Amino acid sequence: MLRLLLFLVGISVLIIPEFLKVYYIMPFPGSQEADTIDTAYMLHNNIMWFRLLGLAIIAWPAWKFIQTRKIWVIWPTVVAIGVWLFILYVTNFVMLADKMFIQPKVKNVVEVGMNKVPSANLVVGVTVNGESKAYPIEIIGYHHQVRDSVGGEPVMVTYCTVCRTGRVYSPIVDGQPETFRLVGMDHFNAMFEDSRTRSWWRQVNGEAITGKMKGKKLEEIPSEQMSLAAWTLFHPDTKILQPDTAFQSQYDSLGLYDEGKLKGILENTDTIPWSKKSWVIGVQSGNDAKAYDWIETLRTHVVNDKVGETPVVVAIENDNASFHVWKRPDSLTFSYESNALKDNTGSTWNWQGQCIDGPLKDRRLEFQQSYQEYYHSWKTFHPNTKEYHE
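What comes next is a walk through the structure.

Rules used throughout
Residues numbered from 1 in each chain as written. Predicted model: local features only at pLDDT ≥ 70, side-chain atom pairs only at ≥ 80, totals over all residues. Heavy atoms only, no water. Phe/Tyr/Trp six-rings, centres within 6.5 Å; stacked < 30°, edge-to-face > 60°. Helix = DSSP H or I, 4+ residues; strand = E, 2+ residues; numbered from the N terminus. Buried < 20%, exposed > 50% of the residue type's maximum accessible area, 1.4 Å probe, protein only. Lys NZ or Arg CZ within 6 Å of the ring centre and 35° of its normal. Pairing = 2+ DSSP bridges. Contact = heavy atoms within 4.5 Å. Polar contact = N/O pair within 3.5 Å; in protein donor to acceptor, adjacent residues only side chain to side chain. Core = buried A, V, L, I, M, F, W, Y, C linked by side-chain atoms within 4.5 Å. 1 Å grid on protein atoms, 1.4 Å probe; cavity = no way out; pocket = protein on both sides within 12 Å on 5 of 7 lines; lining within 4 Å. Points joined across faces, edges and corners; volume = space filled by probe spheres on them. Nonpolar A, V, L, I, M, F, W, Y, C, P; charged D, E, K, R; others polar.

Under the defined criterion, the tally for this structure stands at 18 aromatic pairs. Here phenylalanine 180 and tryptophan 201 contribute two aromatic rings whose centre-to-centre distance is 5.8 Å and whose plane-to-plane angle is 90°, an arrangement assigned as edge-to-face. Placement of phenylalanine 180 in strand S9 (residues 180-186) and of tryptophan 201 in strand S11 (residues 200-202) is noted, with a sequence separation of 21 residues between them. Relative accessible area serves as the criterion here: at 10%, phenylalanine 180 is assigned to the buried category. Arranged with centres 5.5 Å apart and planes meeting at 70°, the rings of phenylalanine 334 and tryptophan 349 form a pair that is edge-to-face. Of this pair, phenylalanine 334 sits in strand S20 (residues 334-337) while tryptophan 349 sits in strand S22 (residues 348-349), placing them 15 residues apart in sequence. An identical accessibility class is assigned to phenylalanine 334 and tryptophan 349; each is buried. Members of the aromatic cluster, connected to one another through ring pairs, are Phe19, Tyr23, Tyr24 and Phe28. Against the face of tyrosine 257 rests arginine 164, its NZ or CZ located 4.6 Å from the ring centre.

Listed below in structure tokens is the structure:
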């Protein structure tokens with residue numbers, strides 16, 4: 001009886017931590033709602049000790065079982081150890097995030113004249129030191145991160161399709177260039193591990209949430225999400241990331257993601273405003289955050305509002321896909337008339353926040369960083385957010 005008890009305890013010590021270290025950082029039922037990141041990190045970093053302990057516990061009873069030479073005793077022992085070895089293989093080779101979502105083998109960034117990405121596709125656009133580049137969401141959505149340089153500066157372009165969050169960061173940590181690998185997710189948001197300290201960093205805000213770097217944040221580089229057509233209109237010299245043909249089937253699996261037409265519980269889209277998987281435009285100014293439901297905003301195309309004490313104008317272009325947020329002078333209110341952006345002085349503005357006609361011609365609005373994401377994501381990572389309602 002003691003041998004059986006020891007064997008069961010040892011097998012449990014081998015199997016349970018192995019399973020939990022993956023369960024906590026993958027989108028299994030119930031795994032993403034709880035605050036278990038520190039437990040997951042502990043298991044991740046101490047799994048070898050659990051393996052050694054489990055093997056030490058089962059060694060004696062397993063040997064005694066084999067010595068009995070009784071098939072009905074030996075076979076359950078072999079099967080139990082086989083189950084552990086199978087789980088060991090699956091959790092350490094098959095279900096590793098960076099093995100499921102592989103980095104591009106070929107990174108081809110071309111000028112507009114050589115581009116093969118459809119102009120209607122959504123991109124995350126970045127401009128640094130006068131150079132502009134566009135990264136299609138269907139590409140970075142699969143890879144989760146793409147490393148590049150823009151304007152001579154290193155950039156880390158990231159996207160989490162489960163949160164619908166595109167972010168661009170400087171991959172410099174404490175003055176040193178850092179490399180990251182996709183390690184899993186926390187609260188449905190992609191999570192990266194740095195190569196030096198093995199700390200885990202959240203994609204949505206670039207914050208290290210566990211490990212030696214806990215509390216540090218990557219510097220965010222301003223970016224915009226819009227259709228490639230809208231981006232190239234105002235950035236004709238832009239370069240555009242092209243698909244890596246080695247991953248074409250993976251990109252094709254995201255072919256309806258831009259339009260929100262993918263099926264499945266993780267990347268589908270709700271069509272009822274303010275639902276968990278409905279889209280919002282999220283804006284943060286200082287400690288204040290506000291969400292604008294995408295469906296409601298589409299009805300007017302333009303919203304005049306304040307985020308905290310900052311007056312803003314939220315605008316969606318004629319293509320119903322590209323959006324912008326600018327800081328708004330108190331004296332101005334904007335409206336959407338005849339497919340154009342107008343203000344109360346009678347001036348007309350383009351979709352880059354520049355006045356092109358009227359009393360305020362050549363004036364330019366100040367860019368305000370904003371994001372399109374699922375409402376459940378924005379609310380999770382901005383728990384004090386307010387909702388805009390007319």
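Attention shifts here to unusual backbone geometry. A positive phi is found at aspartate 174, a non-glycine position, where the angle reads about 50°. Among the secondary structure elements, aspartate 174 is positioned in the loop between strand S7 (172-173) and strand S8 (176-177). A residue is classified by how much of its surface remains accessible, and aspartate 174, at 52% relative accessible area, is exposed. The phi angle at phenylalanine 188 is positive, at roughly 70°, despite the residue not being glycine. Secondary-structure assignment places phenylalanine 188 in the loop between S9 and strand S10 (189-194).

Our next topic: the pairing of strand S18 (residues 310-316). The buried count for S18 comes to seven of seven residues, which makes it a mostly enclosed element. Residues Thr310, Val312, Val314 and Ile316 point to one face of S18 and Pro311, Val313 and Ala315 to the other, with burial holding for every one of them. Pairing of strand S17 (residues 302-307) with S18, which is carried by six bridges, proceeds in the antiparallel orientation. Residue aspartate 305 lies in a different strand from S18, and its bridge partner there is valine 312. As consecutive antiparallel partners, S17 and S18 are separated by two residues, and within that stretch glycine 308 has a phi angle of approximately 65°, a positive value. For S18 and strand S19 (residues 323-327), the ladder comprises five bridges, and the chain directions are antiparallel. Counted as the bridge partner of isoleucine 316 is phenylalanine 323 from S19. Linking S18 back to S19 in an antiparallel pair, the connection comprises six residues, with asparagine 320 at a positive phi of about 60°.

So, about the environment of arginine 328. Along the chain, arginine 328 turns up in the loop between S19 and S20. Distance in space between the C-alpha atoms of arginine 328 and lysine 379 is 25 Å, their sequence separation being 51 residues. Leaving out residues up to four positions away in the same chain, arginine 328 has contacts with Asn304, Asp305, Pro311, Val312, Val313, Thr333 and Phe334. Within the structure, the side chain of arginine 328 is placed 2.9 Å from the backbone oxygen of leucine 332, a separation counted as a polar contact.

With that settled, the discussion passes to the sheet that holds strand S24 (residues 366-367). What the four strands build is an open sheet, ordered S17-S18-S19-S24; its pairing is antiparallel. Of all strands in the sheet, those with a lone pairing partner are S17 and S24, marking the two edges.

Here the focus is the nonpolar core. Core analysis: the largest hydrophobic core is formed by 37 residues, its most contacted members being Tyr135, Ile140, Ile281 and Tyr292. Of all elements in the fold, only strand S2 (122-128), helix H5 (137-143), strand S4 (145-150), strand S5 (153-160), strand S15 (279-285), S17, S18 and S19 reach the threshold of two or more residues within this core. Setting aside chain neighbours within four positions, we find isoleucine 140 in contact with Val124, Tyr135, Gln145, Val146, Val157, Thr158, Tyr159 and Leu241. Ranked by size, the runner-up nonpolar core spans 21 residues in total, among them Ala97, Val173, Phe188 and Ala208.

On to the layout of surface pockets, then. Taken as a whole, the largest pocket encloses approximately 600 Å³ of empty space. Of all the secondary structure elements, the ones that give two or more residues to the lining of the largest pocket are strand S16 (288-293) and S17. It is S16 that provides the largest number of residues to the lining of the largest pocket, a total of three residues. Split into classes, the residues belonging to the lining of the largest pocket amount to 10 nonpolar, nine polar and seven charged.

It is worth spelling out empty space enclosed by the protein at this point. Evaluation of the coordinates by the stated rule reveals six cavities of 30 Å³ or more. If you add up the space inside the largest cavity, you get close to 100 Å³. Of all the secondary-structure elements, those providing two or more residues to the lining of the largest cavity are helix H1 (2-23) and S9.

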